[in-house]
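Chain and residue survey
Single-letter residue listing:
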Protein chains: 2
Amino acid sequence: MRADLALVGFGNVGRRFARLIEERRDWLSLDYDLECRIVGIATRHHGAVFRDAGLDAVGLAVQMEAGHPIVESGTEAADGLDVIRRLADGDAPVKVLIETTTLDIKAGQPAIDHVRAALQSGCHAVTANKGPAAFAFEELSALAADRDRSFLFEGAVMDGVPIFNLVRETLPAVQITGFRGVVNSTTNHILSALEDGEGFDAALERMQAAGIAEADPSLDVDGWDAAAKVSALANVFMRARTTPLAVEREGIGPATARLAMAAKARGARVRLVASARTTPDGVVTSVRPVELPETDLLAGLRGMANALVLETDLLGEIAICQMSGSLTQTAYALLSDLLTIRRRQAPPPHTVSR
Amino acid sequence: MRADLALVGFGNVGRRFARLIEERRDWLSLDYDLECRIVGIATRHHGAVFRDAGLDAVGLAVQMEAGHPIVESGTEAADGLDVIRRLADGDAPVKVLIETTTLDIKAGQPAIDHVRAALQSGCHAVTANKGPAAFAFEELSALAADRDRSFLFEGAVMDGVPIFNLVRETLPAVQITGFRGVVNSTTNHILSALEDGEGFDAALERMQAAGIAEADPSLDVDGWDAAAKVSALANVFMRARTTPLAVEREGIGPATARLAMAAKARGARVRLVASARTTPDGVVTSVRPVELPETDLLAGLRGMANALVLETDLLGEIAICQMSGSLTQTAYALLSDLLTIRRRQAPPPHTVSR
């Protein structure tokens, strides 16, 4: 089965995805009967391209990494929305938007517009962005159902470690009554440093130098990234109909250093905990530094380690943990969503019985 | 869609499953278009029954719990294999063996014979037993593929927490290169007690009094239960073609108490670690007490908590943790396998697009 893909967003994650598709091409064909062609690419600063017959995406990635625009004569496209429109006009049996643009975390854009445009025009939509599920899950999932298309976003939380897929594919009939987790690596790195006695500013500067924290770290340290993840998780698992703006949010700062060291002296740990719980007034979501006993699973997470503890009706608490993060993991999330779409078309025969 | 079920084994897990099916009857019908009928039940000491029109399984569970045989005039069956034969002769579109007999952990029987008989006669086979996957995974999965039927065993490791389903359903294209875990609750309970200073015999007696350890605890403390789980995991994830007899196995005993306390004094922990790794000579599996640094995820597990850390090519290490165990969890594992079979028939329309 042929699938045409349009990559809207072609940063580190999008380029790693293009290479992963290439690395696993034989495997995708043999085990999944899936022949992927990347027909469109839209970048932020290096132009947008489209070609019905398929592009050399890995070649274009190399070109872009050398600082060149990716446009050649005959392939020019206007922008992401134009690339999506031309993808939709094609005749492939499966057409998929792969959305990895830079997110305005306080508005969820432009990812929401891209996903909406794809679904409205009959394409499937896969995104690594939190925005669509955090701000517009009800609208976009209803639109997907109406058009009989998939809207998937495994990469939005904990990279490629299955979270949304875990609940959807392996926990049928289980109700998620709440959850709590450590889902932001930058703040977790800083908290690990603080409890070792480093000052907040020094720790942050070191993380920035190492490329772990952004030049503008406020989205991480003020809890916005975690709030968007909580919102997405609560919308999907608990039908919370919330947005990141409604999450009770407290970040970390210089004052947290004292808390973290005092906690450690008591045999406890401070972690930036993202949580949701069911109350008589609906789902309450929050992000805040919480002191946890050393025996708590979340207390044991250091550095890049993330974890989510799901509270369920039938299985009690279960947790899934990511020990490290990488670009490949986020790219894998996109690939796993693509394979979900493939399986929904019709399961390849040999995977039916095992 | 109608599914006829035969429950071979009707102990605590089988009876909890019968009740769970009843509790969730409306939900199974509405959300999964699945109408389950329990047509056969085989017990160890209370007889075996079969009725084409369906049995009152919950009523029979109550009857059995009161100490009565479950056989009534007109429903007598000879034994488990007879119940499976009569299930296979029925005309339901989906016929499923639910196998929960008491296992001979050193031979995998009688579960293997039951699963084989079911698959050979055109039924699907679901079991909570480790035996079939630990001793005969290659044979039984090939048989299932040949007959276009499912052979599923989510409950064999970590009860209802998805392990086999996690890998099969949510990690396509990911290669499992090894794993390590704490998968036996009795020994973990004892180790928690030992590091708190209790003696081995005293801890074991206390666990037996609390119903956590068996009257004959050797299968747990000698590592057989964990070895069967390692074997099943290695066979499924790494095509190891091994058996529990080939697992390097060292249990815990009075001498472990000193190790556990000494480790704790050093800020470390002893856990009974079940592991598999890829070597040039094939997959090597082992179960043994291992001293772990306090920061290790497995070191933090106490009492009933279990966890499995998967080593993967694309996602690094990921872990899934069960915080507590219960009968309901094991019964849920059987239900989740039943729902996998249902989904493989044809996805219910409303789950296709979301």
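Relevant structure appears above.
In what follows, the accompanying structure is described. (Residues numbered from 1 in each chain as written. Chains lettered and ligands numbered in written order. Predicted model: local features only at pLDDT ≥ 70, side-chain atom pairs only at ≥ 80, totals over all residues. Heavy atoms only, no water.)

A separate point is the relation of the copies chain A and chain B. Laying chain A over chain B is done by rotating through 180° and shifting 0.0 Å along the axis; what remains is an RMSD of 0.0 Å. Viewed as a symmetry operation, the transformation between the two copies matches a two-fold axis. For chain A, the residue whose C-alpha comes nearest the rotation axis is isoleucine 320 of chain A, separated from it by 2.2 Å. Most of the interface of chain A is mirrored in chain B, where 98% of its interface residues are also at the interface. (Least-squares fit on C-alpha atoms with pLDDT ≥ 70 in both. Contact = heavy atoms within 4.5 Å.)

Before going further, it helps to examine the packing of helix H8 (residues 185-195) of chain B against helix H12 (residues 254-265) of chain B. Residues and elements named next belong to chain B. One can describe the packing of H8 onto H12 by two numbers: an axis separation of 8 Å at closest approach and a directional angle of 60°. In terms of axis orientation, H8 runs oblique to H12. Considering how the two elements wind past one another, H8 and H12 form a crossing that is right-handed. Contact residues: Leu191, Leu194 and Glu195 in H8; Thr256, Ala257, Ala260, Met261 and Lys264 in H12. Tallied by class, residues from the contact of H8 with H12 come to five nonpolar, one polar and two charged. (Axes fitted to C-alpha atoms, helices over the stretch in contact; angles between N-to-C directions. Helix = DSSP H or I, 4+ residues; strand = E, 2+ residues; numbered from the N terminus. Parallel < 35°, antiparallel > 145°, perpendicular 65-115°, else oblique. Left-handed = near helix turned anticlockwise from the far one by under 90°. Nonpolar A, V, L, I, M, F, W, Y, C, P; charged D, E, K, R; others polar.)

Counting 232 residues, the largest nonpolar core has Leu5 of chain A together with Leu5 of chain B as the members making the most contacts within it. Excluding residues that lie within four positions of it along the chain, leucine 5 of chain A makes contacts with Phe17, Ile21, Cys36, Arg37, Ile38, Val39, Gly40, Leu87, Val96, Ile98 and Leu338 of chain A. Within the second largest apolar cluster, 24 residues are counted, among which are Ala299 and Leu301 of chain A together with Val273 and Ala319 of chain B. (Core = buried A, V, L, I, M, F, W, Y, C linked by side-chain atoms within 4.5 Å. Buried < 20%, exposed > 50% of the residue type's maximum accessible area, 1.4 Å probe, protein only.)

All names here are of chain B. The mixed open sheet is built from seven strands, whose spatial order is E4-E3-E2-E1-E5-E6-E7. Two strands bound the open sheet, and with one partner strand each, they are strand E4 (76-77) and strand E7 (151-152). Pairing between strand E5 (residues 94-99) and strand E6 (residues 124-127): four bridges, direction parallel. When the sheet's bridge partners are listed, leucine 97 is paired in E6 with alanine 125. Across the sheet, helix H4 (residues 80-89) lies against strand E1 (2-8), strand E2 (35-42), strand E3 (48-50), E4 and E5, angled at about 170° from E1, the strand it touches most. Where helix H13 (residues 327-345) meets the sheet, its contacts fall on E1, E2, E5, E6 and E7, and the angle it forms with E6 comes to roughly 155°. (Pairing = 2+ DSSP bridges.)

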